[in-house]
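Below, each chain spelled out in residue letters.
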Amino acid sequence: MPTPAADLSQWTPPSKRIDDLLEELATQMDPGKASALPRAATLHALLVSLQRFGANQLDFFLKGFGPNGGLDGSHHLYSPTYALDVTVNQIGYDLDLLLRASHQRSLWSTLLTGADQVAMAALQPAIQHNLIGQATVLTYAQKSLSIRLAPYAPVALVGLPFHATGRPQENVTIVHEVGHYVAARRDPPPGASQPQWSQLTRNGWLLGPRRQMGAIAPPRMADLWLDGWRDEIFADVYTCIVGGPVAATTLLELLRGLPATRWLEDDGEHPLPILRPVVYAAALRRIAEVGGQNSAVANSLCEAAAQLDAATGHLQMHLPDWVTFQTRSGPRLDLRTARDFIKQEVETLVTKELRALCPPQGVPGELWSLLEVDHDLASLDLTVLLGREVAQPPELFVTDDLAQIGWAGSDKRWPTGKTGLENATWEQARDELLDNKQGNKADGLADAGWNPWWLGVLSAGTWTTEGPGAGNPQPGG
């Protein structure tokens with residue numbers, strides 16, 4: 001049954017409390033009052049944007065589920081209270097992160113400045129080749145490495161473990177986390193393949209019985225069950241391109257910390273640990289092909305791929321193709337099917353989506369040498385290491401009236417609390433309801449598979465409810 005307006009009114013006080021708190025914190029973070037704090041302008045812009053964006057999200061649900069609001073609150077799985085609770089948690093996670101990031105900037109300024117340099121250098125290739133729009137990074141320390149994707153600002157929020165110093169494995173995983181940001185913000189080139197599930201949907205009644213019988217799914221259905229791996233494979237491939245062969249072998253070393261009991265465990269987000277080296281080796285070989293097979297750089301890539309193959313065997317992580325594993329939400333698959341899926345995905349990424357990022361023939365990647373040896377983040381100077389002037393992470397700023405956000409030194413601006421993205425259908429659908437417009441963006445969300453359609457607004461693209469820290473103990477969450 002529809003949610004009575006009285007039930008929604010109880011959310012008004014906490015909603016106002018959050019809004020007032022964020023406004024107070026944003027005022028305190030104003031660069032004019034906190035100019036001594038490193039990255040104060042970007043932190044201020046993030047807090048103001050979070051306040052405006054969070055208010056828009058809450059207003060959407062409070063208005064939409066109210067009398068004549070237009071949203072159906074009678075769904076049998078998802079209630080209005082669920083939507084409001086998730087939104088409050090999303091705001092709370094980001095608020096916690098930004099508070100810690102601002103406090104840490106006054107404690108570990110030099111360490112985080114060095115980490116910012118590494119993260120920005122890893123992000124720059126995607127910007128230079130127009131894979132994503134202008135963006136910046138902001139690093140902070142927490143219990144473990146992770147990426148936080150904020151839909152309201154083009155900022156890669158990279159969490160470092162407290163013990164980070166600048167070891168190669170730490171810098172490699174920074175590149176990996178940046179790869180997740182690129183995956184979320186990229187604009188796929190024309191013709192990029194997307195999975196089509198229409199035939200599988202029509203045969204959906206078969207899936208349950210097949211799983212109960214322990215039957216292996218046909219190869220053509222593998223993409224359905226392994227689709228959740230795509231983002232992680234993208235980040236792995238991005239790391240191999242930007243970081244080079246040393247990055248790939250370093251990622252393999254990080255797998256040694258996993259117990260053998262987890263090698264065939266599918267968490268729905270990461271490729272099986274036993275198959276992660278397949279991603280790295282396949283990526284290196286494809287990068288070598290794109291860059292030209294007769295160069296010294298191509299030879300080093302192929303040699304590293306062969307080392308990955310040998311190391312995989314040494315770790316006793318190689319199993320026959322016929323071995324099966326249980327997918328997270330579907331039937332059993334054999335390792336051959338999973339390996340084929342990975343290799344096809346890697347080929348598509350290297351030869352199409354990320355081809356422009358691959359180093360040209362005979363020229364190693366700019367960051368490859370950076371990831372080979374230890375560098376103290378607290379005294380890191382990329383200008384010296386790379387032999388050229390390295391731009392610092394660009395700063396976001398908010399106009400004096402707090403109405404617009406933009407880049408320092410640039411005329412480009414967009415409304416505060418907006419994504420600034422042209423293809424954010426969920427944001428357009430949200431704003432149509434808030435502005436009392438009779439648009440068709442809600443239909444677009446429904447056609448994309450959101451049921452009810454407002455779940456697309458709730459997801460806000462990549463705005464998760466997960467707290468900082470990797471939920472699955474694999475390298476490069």
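Before any of the text, the structure's been laid out above.
Since this is a predicted model, take the numbers as computed values, not measurements.

A word on unusual backbone geometry. Following Asn451, the chain continues to Pro452 via a peptide bond in cis, the omega torsion being 0°. Within the secondary structure layout, Pro452 lies in the loop between helix 16 (441-447) and helix 17 (454-459).

Taken together, the three strands give an open sheet; going across it, the order is 1-3-2, and neighbouring strands pair in mixed fashion. Bordering the open sheet on either side are strand 1 (136-142) and strand 2 (146-149), each of which pairs with just one other strand. Strand-to-strand twist of the sheet, defined as the mean angle between neighbouring strand axes without regard to direction, takes the value 25°. In the sheet, strand 2 pairs with strand 3 (residues 155-161) via four bridges, with the strands oriented antiparallel. For Ser146, the partnering residue across the bridge sits in strand 3 and is Gly159. Set on the sheet, helix 4 (residues 80-107) makes contact with strand 1, strand 2 and strand 3; between it and strand 1 the angle comes to about 85°. The sheet strands contacting helix 5 (residues 109-128) are strand 1 and strand 3, and the helix crosses strand 1 at an angle near 135°.

Once that is clear, we can look at the pairing of strand 1. For strand 1, the buried fraction is high: seven of the seven residues fall into the buried class. By the alternation rule, side chains of strand 1 split into Thr136, Leu138, Tyr140 and Gln142 and Val137, Thr139 and Ala141, which are all buried.

A few words on the layout of surface pockets. The gaps of empty space that remain are located by a probe, the size of a water molecule, rolled over the atoms. The space that makes up the second largest pocket amounts to roughly 500 Å³. Around the second largest pocket, the lining is made up of 28 residues, and of these Ala121, Gln124, Pro125, Gln128 and Glu366 lie nearest the centre. By residue number, the principal contributor to the lining of the second largest pocket is helix 5, which donates six residues. Considering only residue class, the lining of the second largest pocket consists of 20 nonpolar, six polar and two charged.

Cut-offs applied
Residues numbered from 1 in each chain as written. Predicted model: local features only at pLDDT ≥ 70, side-chain atom pairs only at ≥ 80, totals over all residues. Heavy atoms only, no water. Helix = DSSP H or I, 4+ residues; strand = E, 2+ residues; numbered from the N terminus. Pairing = 2+ DSSP bridges. Axes fitted to C-alpha atoms, helices over the stretch in contact; angles between N-to-C directions. Contact = heavy atoms within 4.5 Å. Buried < 20%, exposed > 50% of the residue type's maximum accessible area, 1.4 Å probe, protein only. 1 Å grid on protein atoms, 1.4 Å probe; cavity = no way out; pocket = protein on both sides within 12 Å on 5 of 7 lines; lining within 4 Å. Points joined across faces, edges and corners; volume = space filled by probe spheres on them. Nonpolar A, V, L, I, M, F, W, Y, C, P; charged D, E, K, R; others polar.

Take it as geometry only, folks, not as evidence of what the structure does.
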